[in-house]
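Listed here are the chains, written in short residue letters.
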Amino acid sequence: EAKRRGRGRPVRFHGALAASARYRRLIETDLRGAIARRELGLHYQPIVRAEDGETVGYEALLRWQHPARGPISPLDFIPVAEETGLIHEIGAFVLHEACREASRWTSGRSIAVNLSPVQFRNAALAAQVASALAASGLPATRLEVEITESVLLDASSNNLALLGQLKQLGLRIALDDFGTGYSSLSYLCTFRFDKIKIDRAFVREICVSREALAVVRAITGLSRSLAIATTAEGVETPDQAACLRREGCTQLQGYLYGKPMPASALPESGMALRAGA
Ligand code: C2E
Ligand code: MG
Ligand code: MG
Ligand code: MG
């Protein structure tokens, strides 16, 4: 999992330690109750329109502030949460928290929430999403869920039906990290996605690798034909943004436009203050 390793910013537990059963047990023990102790929270990263750089929404990204170890990357604790089933409780927390926060934004911008494939083992997933929407009052049209292709890989599953139920709620569904893994183009025909997120691995190389450019071109071309939006992940330089715009990518996300930040740091919170003053 070199790719998963490559992109953590908080302290990561590399190598043998990260893989060890002992480390996993430590994480698991501490993760239980982390919600109740208020150690888990969301950061929000802007997603901008490629055309004019206008922020159209934010992706909610989970953060764990461990009282002794400091920040732990989701790349380290989400897999443990998935193995232990804690992801069901954590996923519900993320949905409720993200919808609640977005419902306060007068800008009307949308919110994207990552769903783990394990959450699809819960037959009541759509009901859980509906309850987060109802509790917050957020219109479904302002919610986007991001799934990875592994949701589609599990052929024996009921996942396509669950995706259909989510779609019925009126939200949008994005295919995350596209271009890595199998990324069979046929997935794009299996389900009518609203958006494809082009993985950071290709965005990083787009200006220097002919192959990366070719992959991005294939994805944007196909998306255009299917009338699906595309978001490039991990845009860090103006040159990358220019290349992506030239290829017809419709949305951009990355440190160039903003790092994931707490809700209090969003322009939305400033607007709310001014409006209330
Ligand atoms: P992802 O959904 O693909 O999220 C994008 C990741 O890329 C985030 O890492 C983000 O901080 C990082 N990123 C964004 N722009 C840049 C950039 O310009 N440069 C670099 N180097 N990195 C950038 P993060 O926050 O560490 O999250 C990692 C992964 O953990 C996410 O990948 C997602 O798969 C998972 N994750 C995060 N929050 C949740 C959650 O609430 N639920 C679930 N199931 N998974 C989550
Ligand atoms: Mg994502
Ligand atoms: Mg992604
Ligand atoms: Mg990614």
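Before going into details, it helps to say that this report is about the structure given with it. All values reported here derive from a predicted model rather than from experimental measurement. (Residues numbered from 1 in each chain as written. Chains lettered and ligands numbered in written order. Predicted model: local features only at pLDDT ≥ 70, side-chain atom pairs only at ≥ 80, totals over all residues. Heavy atoms only, no water.)

Thoughts on the side chain of glutamine 119
One can find glutamine 119 in the loop between β4 (110-114) and α6 (125-136). Those residues in contact with glutamine 119 that sit more than four places away from it in its chain are Ile87, His88, Gly91, Ala92, Asn114, Leu125 and Gln128. (Helix = DSSP H or I, 4+ residues; strand = E, 2+ residues; numbered from the N terminus. Contact = heavy atoms within 4.5 Å.)

Details of the pattern of salt bridges
It is possible for side chains bearing opposite charge to pair when their charged atoms get close. Tallying each qualifying case throughout the model produces 15 salt bridges. Between glutamate 28 and arginine 32 there is a salt bridge, with its nearest N and O atoms 2.7 Å apart. A salt bridge links arginine 217 to glutamate 247, with the nearest nitrogen and oxygen atoms 2.8 Å apart. One end of the pair, arginine 217, is in helix α11 (residues 210-226); the other, glutamate 247, is in the loop between α12 (238-246) and β9 (251-252), with 30 residues separating them in the sequence. For arginine 217, a relative accessible area of 46% corresponds to the partly exposed category. By relative accessible area, glutamate 247 is classed as buried at 10%. (Salt bridge = Lys/Arg side-chain N within 4 Å of Asp/Glu carboxyl O. Buried < 20%, exposed > 50% of the residue type's maximum accessible area, 1.4 Å probe, protein only.)

Quick look at the coordination of the magnesium ion (ligand 3)
Ligation of the magnesium ion (ligand 3) by protein atoms is provided by Asp176 (OD), Asp177 (OD) and Glu233 (OE), these donors lying 1.7 to 2.4 Å from the ion. Going along the chain, you hit the donors of the magnesium ion (ligand 3) in the pattern D-D-x55-E. Between the two metals, the magnesium ion (ligand 3) and the magnesium ion (ligand 2), the spacing is 3.6 Å, and aspartate 176 donates to both. Here glutamate 233 lies in the loop between β8 (229-232) and α12 and aspartate 177 lies in strand β6 (residues 172-178), a separation of 56 residues in the sequence. (Donors = N, O, S within 2.8 Å, 3.2 Å for Na, K, Ca; no water.)

Quick word on the coordination of the magnesium ion (ligand 2)
Taken together, Glu59 (OE), Asn114 (OD1), Glu146 (OE) and Asp176 (OD) make up the protein donors of the magnesium ion (ligand 2), found 2.0 to 2.2 Å from the metal. Look at where the donors of the magnesium ion (ligand 2) fall in the sequence and you get E-x54-N-x31-E-x29-D. Classification of glutamate 59 as buried rests on a relative accessible area of 4%.

Section: the packing of helix α5 (residues 86-103) against α6
Contact geometry of α5 with α6 gives a least axis separation of 8 Å together with a crossing angle of 30°. Comparing their axes, α6 and α5 come out roughly parallel. Between α5 and α6 lies a crossing of right-handed hand. Residues His88, Ala92, Leu95, His96, Cys99, Arg100 and Ser103 of α5 form the contact with α6, whose own contacting residues are Gln128, Val129, Ser131, Ala132, Leu133, Ala135 and Ser136. (Axes fitted to C-alpha atoms, helices over the stretch in contact; angles between N-to-C directions. Parallel < 35°, antiparallel > 145°, perpendicular 65-115°, else oblique. Left-handed = near helix turned anticlockwise from the far one by under 90°.)

With respect to unusual backbone geometry
Its identity as a non-glycine residue notwithstanding, arginine 38 has a phi of 60°, on the positive side. Within the element layout of this structure, arginine 38 appears in the loop between α3 (21-31) and β1 (40-49). On the basis of relative accessible area, arginine 38 is assigned to the exposed category, the value being 76%. Located in the positive-phi region is alanine 227, a residue other than glycine, with phi close to 60°. On the secondary structure map, alanine 227 appears in the loop between α11 and β8.

Section: the site of ligand 1
Around ligand 1 lies a shell of 23 residues, among which Arg63, Asn114, Asp176, Glu236 and Tyr255 are the nearest. With respect to ligand 1, the side chain of glutamine 45 contributes an N or O atom lying 3.0 Å from a nitrogen atom. Within the side chain of aspartate 176, one N or O atom sits 3.0 Å away from an oxygen atom of ligand 1. Compared with its free state, where it exposes 800 Å², ligand 1 has 92% of that area covered by protein. Contributions of two or more residues to the shell around ligand 1 are made by β2 (55-66), α4 (74-84) and β6. Per-element accounting of the shell around ligand 1 gives the leading share, 4 residues, to β2. In the shell around ligand 1, the residues fall into 9 nonpolar, 5 polar and 9 charged. (Near = heavy atom within 4 Å. Polar contact = N/O pair within 3.5 Å; in protein donor to acceptor, adjacent residues only side chain to side chain. Areas by Shrake-Rupley, 256 points an atom, 1.4 Å probe, with all protein chains shown as cover. Nonpolar A, V, L, I, M, F, W, Y, C, P; charged D, E, K, R; others polar.)

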